Amino acid sequence: MSPRDPLRCDQRQSTTECLQDRERSTRARVGVAPLRALFDLLRGAETGCAQVGAARAGRPGVFWRGRLVTAVDGTILCCPDSPANLTEFCKGGSSRGTRTGYPMIRVLALVACGTRTVIDAVFGTDRVGELGYAHQLLVSARAGMIVLADRNFAAAEFLTALAATGADLLVRVKNDRRLPICRTLADGSFVSRIGRVEVRVVTAAVTITTSEGARTETYRLVTTVLDPAVPAVDIVGLYHERWEIETCFAELKSTSLGGRVLRSRSPSGVAQEIYALLITYQVLRLAISDTTLHRADVDPDRGSFTVARHAARDQLIAAAGVIADTVLDLVGTIGRHVLDQLLPARRVRTNPRVVKRPISKYVASTAKGRHRGLSRPALITIEIEPILTAQPPA
């Protein structure tokens, strides 16, 4: 080897250190662009979402009244506490100015709820909020979609920009938000305006009953679905699908990463690693979606991500299918494993939200009584509250 060969090992290095240096050198030569290009090639809804007209009704859990159900939300990944990473990413902190934990990366995604495929994703420093990144995802929104989002995305500017793409929206807003009443509808909802966007406002009391008791929370939702023939109860029920994006993030962070921090010690390496994570996730989700595409009796969310991941890992270890056969197998080994081990139809269950990686052994007062444990079967009751259509007091 030439003395300048980047793959040459220093005799003072151990084998592990040598291999690590070779990997870093190779990744540095590849750069971020090829991985970004591969993600752009794979991202999107999935093949079944290209169907039009009556065919859309054949995919259970994917479409709602002819619209592709999607959700936008953000999550946080952590990376090593290296000097290079700290130049771009910040640690968590407190109002007293202390810094703790690992440097954090904010990831924002637009996800197809029915198949949990990633339509688009952006990421960067957590010093930029979710709304700051959300506008970058608008290029992937289009007519024929309905986008679900939580209260962080209820800003008038963002809703106006989202509506301008042609996509419908269903977003939760604060219960005390003052919205003008333009006209009332028979089901207790009313038509209002946010900026230049005409929206329908639905307020509902959602009660969850389990063996431990019942709790009720009031939800106020705004949507561009103005058709009075669409019941307000159906709109509230649809908002529950927003939680599919949380399952997507759990599959990325817990199933794929195992709850660990990223390992790259430079910002470019972090970008490479996140794109690699998204690419791997998308490939598996597309395989699951393609497998269930022609099974009208199977909801795509019954396909197990864990089963698909293990099947793909076993294929790689065995180097199986390296040389492609002349016959194109659309289902493949991964698909057959998924179909053989379909998850049962999802039941309505609930579990309290808890902090999974606490930074202190002392429990905050807001988290008391919210213990991690088994999820419980639940009964969900939705009651529209027309009384809240009155303007709140000034």
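This is a predicted model, so every value here is computed, not measured.

A. Here's a closer look at the packing of aromatic side chains. Scanning the entire structure with this criterion turns up five aromatic pairs. Here a set of aromatic residues connected by ring pairs shows up, and it is made of Phe39, Phe123 and Tyr275. Over the aromatic face of tyrosine 219 sits the side chain of arginine 172, whose NZ or CZ is 3.8 Å from the ring centroid.

B. Geometry of the nonpolar core. Core analysis: the largest hydrophobic core is formed by 51 residues, its most contacted members being Trp64, Ile146, Leu170, Leu262 and Ile334. Here this core takes 10 residues from helix 8 (residues 267–292), the largest share from any one element. Those residues in contact with isoleucine 334, other than ones at most four positions away along the chain, are Leu284, Ala287, Ala308, Ala311 and Ala312.

C. Quick peek at unusual backbone geometry. The phi angle at arginine 65 is positive, at roughly 50°, despite the residue not being glycine. You can see arginine 65 is positioned in the loop between strand 1 (63–64) and strand 2 (67–78).

D. Summary view of the side chain of glutamine 282. Examined against the element boundaries, glutamine 282 turns out to sit in helix 8. The class of glutamine 282 is buried, set by a relative accessible area of 0%. Of note is the side chain of glutamine 282, whose polar atom sits 2.8 Å from the backbone nitrogen of valine 118.

E. Layout of empty space enclosed by the protein. For the structure on display, the rule yields three cavities of 30 Å³ or more. In this model, the largest cavity occupies a volume close to 70 Å³. Put simply, the parts of the chain that give the lining of the largest cavity at least two residues each are strand 2, helix 7 (244–256) and helix 8. Of the residues belonging to the lining of the largest cavity, the class tally is seven nonpolar, one polar and one charged. Of the voids in this model, the second largest cavity is the one considered here, and its volume is about 60 Å³. Around the second largest cavity, the lining residues are Val72, Leu110, Ala134, Leu137, Leu138, Ala141, Val147, Phe158 and Leu162. Its residues assigned to classes, the lining of the second largest cavity comprises nine nonpolar, no polar and no charged.

F. Expanded view of the pairing of strand 9 (residues 190–194). Across the five residues of strand 9, four count as buried, placing the element largely inside the fold. Here two bridges tie strand 8 (residues 183–184) to strand 9, and the two strands are oriented antiparallel to one another. Of the residues in strand 9, the one forming a bridge with threonine 184 is phenylalanine 190. Hairpin connection, strand 8 to strand 9: the antiparallel pair is bridged by five residues, and glycine 188 has positive phi, about 100°. Across five bridges, the pairing between strand 9 and strand 10 (residues 197–210) is antiparallel.

G. Inspection of the side chain of aspartate 73 at higher detail. By the secondary structure assignment, aspartate 73 is in strand 2. When its relative accessible area of 3% is taken as the criterion, aspartate 73 is described as buried. Of note is the side chain of aspartate 73, whose polar atom sits 3.1 Å from the side chain of arginine 242. Not counting residues within four places of it along the chain, the set of residues in contact with aspartate 73 comprises Val107, Leu108, Ala109, Glu130, Asp150, Phe153, Arg242, Ile245, Glu246 and Phe249.

H. Region of interest: the confidence of the model for the protein chain. Residues of the protein chain with pLDDT of at least 70 account for 79%, and the chain-wide mean is 84. When pLDDT is averaged over each element of the protein chain, strand 7 (residues 168–173) comes out on top at 98 and helix 1 (residues 15–30) at the bottom at 72.

I. Broad picture of the pattern of salt bridges. This structure, assessed with the given rule, holds 16 salt bridges. The salt bridge partner of arginine 200 is aspartate 187, with a shortest N-O separation of 2.5 Å. Of this pair, arginine 200 sits in strand 10 while aspartate 187 sits in the loop between strand 8 and strand 9, placing them 13 residues apart in sequence. Since its relative accessible area comes to 0%, arginine 200 is described here as buried. Under the relative-accessibility criterion, aspartate 187 is labelled partly exposed at 26%.

J. Helix 10 (residues 332–340), seen in detail. Of all the positions in helix 10, only Gly332, Ile334, Gly335 and Val338 are classed as buried. When helix 10 is viewed along its axis, its buried side chains cluster within an angular range of 115° and face the same direction. Buried residues along helix 10 sit in contact with helix 8 and helix 9 (305–318).

About the thresholds
Residues numbered from 1 in each chain as written. Predicted model: local features only at pLDDT ≥ 70, side-chain atom pairs only at ≥ 80, totals over all residues. Heavy atoms only, no water. Phe/Tyr/Trp six-rings, centres within 6.5 Å; stacked < 30°, edge-to-face > 60°. Lys NZ or Arg CZ within 6 Å of the ring centre and 35° of its normal. Core = buried A, V, L, I, M, F, W, Y, C linked by side-chain atoms within 4.5 Å. Buried < 20%, exposed > 50% of the residue type's maximum accessible area, 1.4 Å probe, protein only. Helix = DSSP H or I, 4+ residues; strand = E, 2+ residues; numbered from the N terminus. Contact = heavy atoms within 4.5 Å. Polar contact = N/O pair within 3.5 Å; in protein donor to acceptor, adjacent residues only side chain to side chain. 1 Å grid on protein atoms, 1.4 Å probe; cavity = no way out; pocket = protein on both sides within 12 Å on 5 of 7 lines; lining within 4 Å. Points joined across faces, edges and corners; volume = space filled by probe spheres on them. Nonpolar A, V, L, I, M, F, W, Y, C, P; charged D, E, K, R; others polar. Pairing = 2+ DSSP bridges. pLDDT = per-residue confidence, 0-100. Salt bridge = Lys/Arg side-chain N within 4 Å of Asp/Glu carboxyl O. Arc of directions from axis to C-beta.

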